[in-house]
Amino acid sequence: MTATADAEASARVTWSILAEPGDSVAGELIDRFGAIESLVLVRRAVRAGPGEIAERIGDAPSFADGPERVRSELVKALARWGPRVAGADPVAAVHAGAAVGARLVLPGEPGWPTGLDGLGPHAPFVLWSRSEQEDPVGTAGCVGAMAVVGCRANTVAGAEATAEITSTAVDSGIEIVSGGAYGIDAVAHRVAVAAGTPTTAVLAGGIDQFYPAGNHELLRNVLGRGRVLSESPPGTRPTRWRFLARNRLIAALSDATVVVEAAARSGALNTAHHALQLGRPVFAVPGAFSSAASVGCHRLIAEGNAQIVVAPRDPVAAVLPGAAAASAGARHAEATVLTTGSDPHVQRTLDALERRPLPVEEVARRSGLSVDDAADALALAQLEGLVANLADGWCRR
């Protein structure tokens, strides 16, 4: 690594120590001046005030609403960052990450997820990545990524839905992204690990602090098949606001987001809203209207913010460019079978048949239909492959 690259990495790690995840003022400064120069300006401003930075920014459109607003935002930001400036030690952070086998990834480097660039000034300054794979996603041939999220206190039905949706996705070569939490997150990760498909767990704290403790073994298993990511420096404790900030990364890393179960106030809904802001498809699984775990999903669907998951392959069609037509064709086939199977005449003739052939007249007698109606129903059932017309009469397949 060159001296310039080392300086860039050091500045970005320092920024990750000074600013909380998603701090847009820090992001704007880095976009405008670069990580190194903006850090120099901030260190001077902590001692002398925001005048120099405000003057350098001028009327830049990225800091909209005029000079007074710029100065106001900078004053508040410096008040946030100031207490951390003296103790910011990027070398110690890098060493702590290396101690647990973590790799530091910078924007633009190999391994940096390009989906994060859509976050603009809210993008992470760096990423810490842990994996037992050299290339945890690329070499596995993944064709896309899907976030599967939901509540921690899931129902049995929610776990089953998660397993089906995740299994369908991994069978199509889709990477699974989630937050490593209890409940829906854990089910999604376990299914991906069991299938041998890469999965990414995004932490709300430092890369050296697997949380929750009860999922430590699960997260260790994730390392064997995929990766664990964090934007916070090692040693950072997970907190409520960091969980909420973490959710934007889950959404940005994924081509589509599926919410399986979510209460009225849920972090999974926060992830869905981030996905919507990024213009990524959102899906929600409906549940019992009396279930508190489904209130959030129902609201997403009712407000038009999420597509309803009718079948486990529906989200796959949003991730894979060629899967939409296949999904539509399968839906059509399902609809045809449903129409035929629900036709009362067809159902009555099917109930009347046996394994041995019966003449149409006997089928009519047993079903209580006229011979013409029985013949029509049998012909329709034959088109669907439900019955066979043999030399001696009709029988079930």
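What you see is a predicted model, and the numbers here were worked out from it, not measured in a lab.

A.B. asks: Any chance you could explain helix α16 (residues 360-367) here in plain terms?
C.D. replies: Along an α-helix, residues three or four positions apart point the same way, because every turn accommodates 3.6 residues. Taken together, the buried positions of α16 are occupied by V360, E362, V363, A364 and S367. Elements that come into contact with the buried residues of α16 comprise α15 (344-352), α17 (371-383) and β11 (393-396).

A.B. asks: What's the story with the pairing of strand β10 (residues 387-390) in this structure? I'm lost.
C.D. replies: Two strands pair when backbone bridges link them, and β10 and β11 are joined in this way by four bridges, in the antiparallel orientation. Bridging from a neighbouring strand, V387 pairs with R396 of β11. Linking two consecutive strands that pair antiparallel, namely β10 and β11, is a turn of two residues.

A.B. asks: Would you explain the packing of α15 against α17 in this entry?
C.D. replies: Helix-helix packing is characterised by the crossing angle of the two axes and by the distance between the axes. Running from amino to carboxyl end, α15 crosses α17 at an angle of 90°, the nearest separation of the two axes being 9 Å. Taken together, α15 and α17 sit at an angle that is classed as roughly perpendicular. For the pair formed by α15 and α17, the contact residues are H345, V346, T349 and L350 on the first element and D373, A374, A377, L378, L380 and A381 on the second. Looking at the contact of α15 with α17 residue by residue, the class counts come to seven nonpolar, two polar and one charged.

A.B. asks: I'm lost on unusual backbone geometry in this one. Help?
C.D. replies: The phi angle of most residues is negative, glycine excepted, and most peptide bonds adopt the trans form. With an omega of 0°, the peptide bond between Y211 and P212 qualifies as cis. Following the sequence through the fold, P212 ends up in the loop between β5 (199-202) and α9 (216-225).

A.B. asks: Would you take a moment to explain the sheet that holds strand β9 (residues 307-308) for this structure?
C.D. replies: Adjacent strands of a sheet pair through backbone hydrogen bonds, lying either parallel or antiparallel. Spatially, the nine strands line up as an open sheet ordered β1-β2-β6-β5-β4-β3-β7-β8-β9, and their pairing is mixed. Every interior strand has two partners, whereas the edge strands, β1 (103-105) and β9, have only one. Sheet topology note: the strand β4 (residues 174-178)/β5 ladder contains three bridges and is parallel. Its bridge partner being in β5, I176 is matched across the sheet by T199.

A.B. asks: Explanation requested: the environment of P238 in the structure shown.
C.D. replies: With respect to the element layout, P238 can be found in the loop between β6 (227-230) and α10 (240-252). Those residues in contact with P238 that sit more than four places away from it in its chain are A204, G205, Q209, Y211 and F243.

A.B. asks: Can you help me understand the layout of surface pockets in this one?
C.D. replies: Over the atoms rolls a probe the size of a water molecule, and its path tells where empty space is left. The volume enclosed by the largest pocket comes to roughly 430 Å³. What lines the largest pocket is a set of 20 residues, among which R152, L244, S266, G267 and A268 lie closest to the centre. Every element with two or more residues in the lining of the largest pocket is listed here: α10 and α11 (267-277). If you tally residues by element for the lining of the largest pocket, the top one is α10, at six residues. Of the residues assigned to the lining of the largest pocket, the class counts are nine nonpolar, six polar and five charged.

A.B. asks: Explain the packing of aromatic side chains to me, please; I cannot follow it from the model alone.
C.D. replies: Each aromatic ring pair is described using two quantities: the centre-to-centre distance and the angle formed by the ring planes. Counting across every chain of the model gives three aromatic pairs. Geometrically, the ring pair formed by W15 and W81 is edge-to-face, given 5.1 Å between the ring centres and 85° between the ring planes. With a gap of 66 residues between them, W15 in helix α1 (residues 3-18) and W81 in helix α5 (residues 66-85) connect regions that are remote in the sequence. Like W15, the residue W81 is buried in the burial classification. Measuring from ring centre to ring centre gives 5.8 Å for Y211 and F243, while their planes differ by 50°; the resulting arrangement is tilted. Within this pair, whereas Y211 is found in the loop between β5 and α9, its partner F243 is found in helix α10, the two being separated by 32 residues in sequence. With relative accessibility at 44%, the residue Y211 sits in the partly exposed group. Put simply, the rings of W15, W81 and F125 touch in pairs and so form one group of aromatic residues. Positioned above the aromatic ring of F243 is the side chain of R152, whose terminal nitrogen or guanidinium carbon lies 5.5 Å from the ring centre.

A.B. asks: What exactly am I supposed to notice about the nonpolar core here?
C.D. replies: What tends to happen in soluble globular proteins is that the nonpolar side chains get buried as a cluster. In terms of nonpolar packing, the biggest core is built from 41 residues, with W15, L29, I53, L74, W81 and V228 touching the most fellow members. Formed by 28 residues, the second largest nonpolar core is a distinct cluster that contains L116, V149, A262 and A284.

A.B. asks: What exactly am I supposed to notice about the pattern of salt bridges here?
C.D. replies: Any two side chains of opposite charge can pair if their charged atoms end up close together. A complete count under the given rule lists 14 salt bridges for this structure. Here R56 ties to E37 by a salt bridge, and the two come within 2.3 Å at their closest N and O atoms. Taken together, the residues R56 in helix α4 (residues 51-57) and E37 in helix α3 (residues 35-48) connect sequence positions 19 residues apart. A relative accessible area of 36% means that R56 is categorised as partly exposed. The salt bridge partner of R227 is E175, with a shortest N-O separation of 3.7 Å. Taken together, the residues span a long stretch of sequence, with R227 in strand β6 and E175 in strand β4 at a distance of 52 residues. Both residues of the pair, R227 and E175, belong to the buried class. Connected via shared salt-bridge partners are E354, R356, E362, R365 and R366.

Calculation notes
- Note that residues are indexed from 1 along each chain, following the sequence as it is written.
- Thresholds applied to this predicted model are a pLDDT of at least 70 for local features of residues and 80 or more for the giving and counting of side-chain atom pairs; totals over whole chains, interfaces and linings are not thresholded and use all residues.
- Side-chain metrics in this entry use all non-hydrogen atoms of the structure; hydrogen atoms and water are not considered.
- Think of it in three bands: residues with accessible area under 20% of the maximum for their type are buried, residues over 50% are exposed, and the middle band is partly exposed, with areas taken using a 1.4 Å probe on protein chains only.
- Going along the chain from the N terminus, every DSSP run of H or I of four or more residues is numbered as a helix, and every run of E of two or more is numbered as a strand.
- Contact criterion: two residues are considered in contact whenever any of their non-hydrogen atoms come within 4.5 Å of each other.
- Strand pairing requires that DSSP identify at least two bridges connecting the strands.
- Axis lines are fitted to C-alpha atoms, over the contacting stretch for helices. Their N-to-C directions set the angle, which ranges from 0 to 180 degrees.
- Oblique is the label for any angle not covered by the other classes, which are roughly parallel (under 35 degrees), roughly antiparallel (over 145) and roughly perpendicular (65 to 115).
- Note on residue classes: Ala, Val, Leu, Ile, Met, Phe, Trp, Tyr, Cys and Pro are nonpolar, Asp, Glu, Lys and Arg are charged, and everything else, Gly too, is polar.
- As defined here, a cavity is a set of points on a 1 Å grid over the protein atoms alone where a 1.4 Å probe fits but cannot get out. A pocket is an open set with protein on both sides within 12 Å along at least five of seven lines, and residues line them when an atom is within 4 Å of a point.
- Grid points are joined across faces, edges and corners, and a volume is the space filled by probe spheres set on the points.
- Within 6.5 Å between ring centres, the rings of Phe, Tyr and Trp (the latter by its six-membered ring) count as paired, and their orientation is classed by plane angle as stacked under 30 degrees, edge-to-face over 60, tilted in between.
- Here, a charge over a ring is recorded when the distance from Lys NZ or Arg CZ to the ring centre is within 6 Å and its angle to the ring normal is within 35 degrees.
- Throughout this description, the term nonpolar core refers to a set of buried Ala, Val, Leu, Ile, Met, Phe, Trp, Tyr and Cys residues connected via side-chain atoms within 4.5 Å.
- For this analysis, a salt bridge means a side-chain nitrogen from Lys or Arg found within 4 Å of a carboxyl oxygen belonging to Asp or Glu.

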